[in-house]
Amino acid sequence: MYLGKAEKIIATIEARMTSSRLPGKVLLPLAASPALQRIVERIRRSRYVDDVVVATTVNVEDGPIEDLCVKIGCRYHRGSEEDVLQRVLDAAHESKADLIVEITGDCPLIDHRHIDHLIELYYAGDHDYVSNAIERSFPDGFDVQVFPTRVLEVVDKLTDNPIDRVHVSYYIYTHPERFKLVNWRAEGEMLWPGLGLILDEQDDYELLKIIYEKLMSINEDFSAEDVVSLLRKNPKYLEINAHVRRKTASEG
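Since we're looking at a predicted model, the values are computed, not measured.

Caption draft 1: Broad picture of the packing of helix α3 (residues 84-94) against helix α5 (residues 149-158). Close contact between α3 and α5 brings their axes to 10 Å; oriented N to C, the two are set at 140°. The pairing of α3 with α5 is recorded here as oblique in orientation. Between α3 and α5 lies a crossing whose hand is left-handed. Of the residues in α5, those touching α3 at L85, Q86, V88, L89, A92 and H93 are T149, L152, E153, V155 and D156. When its residues are assigned to classes, the contact of α3 with α5 shows six nonpolar, three polar and two charged.

Caption draft 2: Inspection of the pattern of salt bridges at higher detail. This model, assessed by the stated rule, comprises 22 salt bridges. A salt bridge links E120 to R47, with the shortest nitrogen-to-oxygen separation between them at 3.1 Å. Of the two residues, E120 sits in helix α4 (residues 112-123) while R47 sits in the loop between α1 (35-44) and β4 (51-57), which places them 73 residues apart along the sequence. In this structure, the salt-bridge partner of D140 is R136, at a minimum N-O distance of 3.3 Å. D140 sits in the buried class, given a relative accessible area of 14%. Through salt bridges with shared partners, a single ionic network connects R21, K25, D106, D200 and E201.

Caption draft 3: Examining the side chain of H114 more closely. With respect to the helices and strands, H114 occurs in helix α4. Setting aside chain neighbours within four positions, we find H114 in contact with N132, F138, F142, V144, W184, M190, A224 and E225.

Caption draft 4: The environment of L27, seen in detail. Relative to the assigned elements, L27 resides in the loop between β1 (9-14) and β2 (29-30). L27 sits in the partly exposed class, given a relative accessible area of 23%. Distance from L27 to N234, taken between C-alpha atoms, is 27 Å for residues 207 residues apart in sequence. Excluding its chain neighbours within four sequence positions, the residues that come into contact with L27 are M17, P34, A35, L36, P64 and L68.

Caption draft 5: Seen up close, α4. In this model α4 runs 17 Å from its N-terminal to its C-terminal C-alpha over 12 residues, within 8% of the 16 Å that 1.5 Å per residue would give. Most of α4 is tucked away, with nine of its 12 residues classed as buried. For α4, the full list of buried residues reads H112, H114, I115, D116, L118, I119, E120, Y122 and Y123.

Caption draft 6: Representation of the sheet that holds strand β8 (residues 145-148) within the structure. Taken in spatial order, the seven strands make up an open sheet running β5-β4-β1-β6-β8-β7-β9, and their pairing is mixed. Strands with a single pairing partner mark the edges of an open sheet, and in this sheet they are β5 (75-79) and β9 (181-183). Neighbour to neighbour, the strand axes of the sheet diverge by 20° on average, direction disregarded. The sheet contact formed by strand β7 (residues 129-131) and β8 spans two bridges and is antiparallel. Bridged to V130 within β8 is V146. The sheet strands contacting α4 are β1, β6 (99-104), β7 and β8, and the helix crosses β6 at an angle near 145°.

Caption draft 7: Up close: the packing of aromatic side chains. Enumeration over the complete set of coordinates arrives at seven aromatic pairs. Between Y129 and F147, the aromatic rings sit 6.1 Å apart at their centres with planes inclined by 15°, giving stacked as the arrangement. One end of the pair, Y129, is in strand β7; the other, F147, is in strand β8, and 18 residues separate them in sequence. Neither Y129 nor F147 differs from the other in exposure class; each is buried. Both rings, one in Y171 and one in F179, keep their centres 6.4 Å apart while their planes meet at 75°; by these two values the pair is edge-to-face. The class of Y171 is buried, set by a relative accessible area of 10%.

Calculation notes
- Residues numbered from 1 in each chain as written.
- Predicted model: local features only at pLDDT ≥ 70, side-chain atom pairs only at ≥ 80, totals over all residues.
- Heavy atoms only, no water.
- Axes fitted to C-alpha atoms, helices over the stretch in contact; angles between N-to-C directions.
- Helix = DSSP H or I, 4+ residues; strand = E, 2+ residues; numbered from the N terminus.
- Parallel < 35°, antiparallel > 145°, perpendicular 65-115°, else oblique.
- Left-handed = near helix turned anticlockwise from the far one by under 90°.
- Contact = heavy atoms within 4.5 Å.
- Nonpolar A, V, L, I, M, F, W, Y, C, P; charged D, E, K, R; others polar.
- Salt bridge = Lys/Arg side-chain N within 4 Å of Asp/Glu carboxyl O.
- Buried < 20%, exposed > 50% of the residue type's maximum accessible area, 1.4 Å probe, protein only.
- Expected span 1.5 Å × (residues − 1).
- Pairing = 2+ DSSP bridges.
- Phe/Tyr/Trp six-rings, centres within 6.5 Å; stacked < 30°, edge-to-face > 60°.

Structure representation (structure tokens):
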């Protein structure tokens, strides 16, 4: 599909080493490569994303993230740990981005096909924000958010609320009266909102390792549908992280 747009599209990945529940999780190996590298590789397969930028912090603990970015030839930006909105906005400005695809560093199964579909949805109408997670229908871990830099610039001026600054796009999707929102809802086998595929705790990592080991040997470019199919056929895997409680955005 030709989008007919001359705008620059970047994907930002928010990543840091000081996770409270699983420190250093973004560099844990999945099929012999760091989780963050896997995310970058999967995003780079997008037909529309022009560049990938890892948005990490200025903290000394996040030096290894910068080192990895240099090693794999990925752009990075280092900014505030607490003000993630400013960090992502500055990364977008440095890259001269018109459109931001927001990804978090705890989603190593992110699918470039989902990214491309949501970018197409964005350009198909007059939208401010397009996502597959405004209303949870896909498994947690496939979240993609697409919005123009100009909208984040507006939000930057509108709010100093800590929850808005930590959760970059929170203000956008909680103010539907101000912004034009579109939610892509999962269907069929993909409709599984209770499935947790996000890297929060050690048991999440154990499940993700199995998924990578099983699917990478078949197809390095495995899809979200391949992941769901694997788990539906092997429900015993679901027991590994079934107990993990997920934080909501309002909990920080």
